[in-house]
Amino acid sequence: MSRSKSKRPRPSAPDAPSPAPQAPSPGSSLDLPVPMTSAPPDPASPTMPEEMAGPPAAKGAHPVRSAVRLWLAAYRVEVVLFLVAFAVLSSFSSQRFLRQSAAPHFIYQAQSWLDGRLDVDPQVLPNLEDWACVRLVDGQKVRCEGRPLRDDRWFVSFPSFPAVVMLPFVALHGYQFNDTSFGVFVGALAVALFYSLLRFLAQEGETARTRDDNVVLSLVLAFGTLFFYCAIRGEVWFGAQVMGVALTCLYVRNAVGARRPLLAGLFFSMAVLTRTPLVFAGLFFVLEALCPGPDRLAQLKALPTTWRPALRKLVFFGLGAAPLALLAAAYNVYRFGKPGEFGHSYLFNNRVNVDIDRFGLFNLEYLSRNLQAAFLKLPQVSLSPPRLSYDPHGLTLLLTLPLLVFLLVPRTRPRLHWPLWLTVAVCALPGLFYQNTGYMQFGFRFSLDYTPYLLLLFAVGGWSLRNRAVVAALALGVLVNFWGAVAFRGYTEYVRNW
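Note that this is a predicted model, so its numbers are computed, not measured. (Residues numbered from 1 in each chain as written. Predicted model: local features only at pLDDT ≥ 70, side-chain atom pairs only at ≥ 80, totals over all residues. Heavy atoms only, no water.)

### What about the overall build of the chain?
So, point 1. A count of helices and strands for the chain gives 21 helices and five strands.
So, point 2. Taken across its 498 residues, the chain has 53% of its residues classed as buried.
So, point 3. Carbon together with sulfur atoms contributes 64% to the accessible area of the chain, which is approximately 22700 Å² in total. (Helix = DSSP H or I, 4+ residues; strand = E, 2+ residues; numbered from the N terminus. Buried < 20%, exposed > 50% of the residue type's maximum accessible area, 1.4 Å probe, protein only. Areas by Shrake-Rupley, 256 points an atom, 1.4 Å probe, with all protein chains shown as cover.)

### Quick look at the nonpolar core
So, point 1. Ranked by internal contacts, the top residues of the largest apolar core, which has 119 residues, are F227, Y251, L403, F442 and F458.
So, point 2. Per-element accounting of this core gives the leading share, 14 residues, to helix 9 (residues 236-255). (Core = buried A, V, L, I, M, F, W, Y, C linked by side-chain atoms within 4.5 Å.)

### Describing the packing of helix 9 against helix 10 (residues 261-272)
So, point 1. Where helix 9 meets helix 10, the axes come as close as 8 Å, and the angle between the chain directions of the two elements is 155 degrees. The pairing of helix 9 with helix 10 is recorded here as roughly antiparallel in orientation. Between helix 9 and helix 10 the crossing geometry is left-handed. Contacts from L247, L250, Y251, N254 and A255 of helix 9 reach helix 10 at L263, A264, F267, F268, M270 and A271. (Axes fitted to C-alpha atoms, helices over the stretch in contact; angles between N-to-C directions. Parallel < 35°, antiparallel > 145°, perpendicular 65-115°, else oblique. Left-handed = near helix turned anticlockwise from the far one by under 90°. Contact = heavy atoms within 4.5 Å.)

### Section: empty space enclosed by the protein
So, point 1. Inspection of every chain in the model, using the stated rule, returns six cavities of 30 Å³ or more.
So, point 2. In this model, the largest cavity occupies a volume close to 130 Å³.
So, point 3. F106, M166, D179, E235 and G239 are, among the 17 residues lining the largest cavity, the residues nearest its centre.
So, point 4. Counting residues per element, the ones that place at least two in the lining of the largest cavity are helix 4 (105-114), helix 5 (161-173), helix 6 (179-203) and helix 9.
So, point 5. Its residues assigned to classes, the lining of the largest cavity shows eleven nonpolar, four polar and two charged. (1 Å grid on protein atoms, 1.4 Å probe; cavity = no way out; pocket = protein on both sides within 12 Å on 5 of 7 lines; lining within 4 Å. Points joined across faces, edges and corners; volume = space filled by probe spheres on them. Nonpolar A, V, L, I, M, F, W, Y, C, P; charged D, E, K, R; others polar.)

### Some points on helix 20 (residues 468-487)
So, point 1. For helix 20, spanning 20 residues, the distance from its first C-alpha to its last is 28 Å, which sits close to the expected 28 Å at 1.5 Å a residue.
So, point 2. Those residues of helix 20 lying buried are V470, A473, L474, G477, V480, N481, W483, G484 and A485.
So, point 3. Measuring from the backbone nitrogen of A469 back to the side-chain oxygen at the start of helix 20 gives 2.8 Å, which picks out N467 as the cap. (Expected span 1.5 Å × (residues − 1). Polar contact = N/O pair within 3.5 Å; in protein donor to acceptor, adjacent residues only side chain to side chain.)

### Structural notes on the packing of helix 9 against helix 11 (residues 282-290)
So, point 1. Relative to each other, helix 9 and helix 11 sit at 10 degrees, their axes nearing to 10 Å. Between helix 9 and helix 11, the angle is such that the two are roughly parallel. Facing Y251, V252 and A255 of helix 9, the residues of helix 11 in contact are G282, F284, F285 and E288.
So, point 2. Residue composition of the contact of helix 9 with helix 11, grouped by class: five nonpolar, one polar and one charged.

### Regarding the layout of surface pockets
So, point 1. Space inside the largest pocket adds up to approximately 990 Å³.
So, point 2. Lining the largest pocket are 47 residues, with F158, R275, H344, Y434 and Q435 positioned closest to its centre.
So, point 3. Among the secondary structure elements, those contributing two or more residues to the lining of the largest pocket are helix 9 and helix 18 (417-432).
So, point 4. In terms of residue class, the lining of the largest pocket is made up of 27 nonpolar, 13 polar and seven charged.

### Side note on helix 5
So, point 1. With 13 residues, helix 5 extends 19 Å between its outermost C-alpha atoms, agreeing within 8% with the 18 Å of an ideal straight helix rising 1.5 Å per residue.
So, point 2. The sharpest bend along helix 5 reaches about 55 degrees and sits at L167, with the proline P168 one to four residues further on.
So, point 3. In this fold, the buried residues of helix 5 make contact with helix 4, helix 6, helix 9, helix 10 and helix 13 (303-336).
So, point 4. Immediately beyond the C-terminal end of helix 5, within one or two residues, lies G174, with a positive phi of roughly 65 degrees. (Bend = angle between axes of the 7 residues up to and from the residue.)

### What to know about the pairing of strand 4 (residues 380-383)
So, point 1. Pairing geometry for strand 4 and strand 5 (residues 386-389), over four bridges, is antiparallel. Note on strand 5: the bridge partner recorded for S382 is R387.
So, point 2. Turn length for the strand 4-strand 5 hairpin, with the two strands adjacent in sequence and antiparallel, is two residues. (Pairing = 2+ DSSP bridges.)

### Remarks on the sheet that holds strand 1 (residues 131-137)
Strands belonging to one sheet form pairs held by backbone hydrogen bonds; the direction of such a pair is parallel or antiparallel.
So, point 1. Spatial strand order, 2-1-3: three strands in an open sheet with antiparallel pairing. One side of each edge strand has no neighbouring strand; the edge strands of this open sheet are strand 2 (140-143) and strand 3 (153-156). Averaged over all adjacent pairs, the angle separating strand axes in this sheet is 35 degrees, with direction ignored.
So, point 2. Inspection of the sheet shows strand 1 paired to strand 2 by four bridges, in the antiparallel sense. Paired with V134 across the strands is R143, a residue of strand 2.
So, point 3. In this fold helix 13 packs onto strand 1, strand 2 and strand 3, with an angle of close to 145 degrees to the strand it touches most, strand 3.

### Thoughts on the side chain of D152
So, point 1. Structurally, the position occupied by D152 is in the loop between strand 2 and strand 3.
So, point 2. Engagement of the side chain of D152 in a polar contact is seen with the side chain of R135, the distance being 2.9 Å.
So, point 3. At a separation of 2.7 Å, a polar atom in the side chain of D152 contacts the main-chain amide nitrogen of L149.
So, point 4. Residues in contact with D152, not counting those within four places in the same chain, are C133, V134, R135 and C144.

### Topic: the environment of G320
So, point 1. Summarising the element assignment, G320 is placed in helix 13.
So, point 2. Sequence separation between G320 and L263 is 57 residues, and the spatial gap between their C-alpha atoms is 6.2 Å.

### Notes on a nonpolar patch on the surface
So, point 1. Taken together, the side chains of L262, W307, L311, V315, F316 and L319 make up a nonpolar region of the molecular surface, amounting to roughly 530 Å² of accessible area.
So, point 2. Looking at the nonpolar patch, the element that brings in the most residues is helix 13, giving five residues.
So, point 3. Looking at the element boundaries, F316 is found in helix 13. (Patch = residues over 30% accessible without salt bridge, like charges linked within 9 Å, V, L, I, M, F, W, Y side chains within 5 Å. Salt bridge = Lys/Arg side-chain N within 4 Å of Asp/Glu carboxyl O.)

Read these as spatial facts, not as claims about activity.
Pasting the structure below:
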């Protein structure tokens, strides 16, 4: 079983607890914590901690049971985190967990594919919220206006990869498939994948975090960020963002050091076809391929003579991303006539159409209101009667992610500091210039696209999780997002008065 060499992790801060033994990264070709793709660690390996090896297999033991035991031993922390996250998220999902959400767009798209059609049957649409409607006028595809006509074609106005993931489940359950409980499952999986990413970075010497630190940061993602309320709702808008977090973890794990370009490209394309702003996260791989550091400027200057290895990695990255990208482009051309159009220019009878017609989907005109939604909007307090409420257009990130302040004054700036910051910056741009703040929402939900990168910045930034100011920020973030998980009522709940 092949093993990649790992750098020796830097010693932990003096006030941090002693690191517990870590399971080595599996040596399968994918190196992912997923039972179907990762080979179990070798219990006889001399580098494997004793407690991970477990008891020797009995003579004649069933090989499948032995493999499962070894896998569980290697990934026991991920399994526990998944179970804890699933239990808490499903509890907060409450009655929603037992029924399909009111915006199950991806289910209808998947069922349409199974029925042999690329558009959605308008006779079965559950609502008319955020669907794309295309009308042919003089041979040109235009947005439907006024009353729907018989020949209008209806499509989901979002990237399609979540529908691909749901296909086998929709094949079993049809239009009745429960996207809410599915979203909770994906959310719990994302928490486990984030821990696996943190553990991998510690093993590679990219962070000095202990196992306990990584567990805490994974729980912060789950319950101390906007991920909390998004993961318990189902619905097309929130479900895609939660799946985007899970795919981001898989992408970054393979992109660090540009170590697995083909897989990094594959997971990158999956993430982009779940949340289009994540196309800018490709910068992270490019930086890791061209100038991994520590002397990035010297590496960039030397590229004219040392370009071959970097080019090879970029080519394999492109090959990994190309199959899904080409399929999505062809699908978009069929639906809307443009390879990069996913449907928002064709939203039927939507309040944002006036702005889109005047300024387009992205414009400097939208920057002011998006900055307010992301950083300036505060809770609304009323004393008579006593009441605490939020603006459904947004809530400052300083409350929904208080750890943000520590990123501005890091204790250390290791190798990944600048690639992570640059990735955050470019991923944030689409949301800041977009025609919509994310309404209706609790907090500025578009920030969830780059929240994993922000937490990774904290992980590499050197702040101790025992620091009192850090503990206070963590507690505030959990409290605020607990409020969001309990109090947020989305558009579909308002119109249906659930």
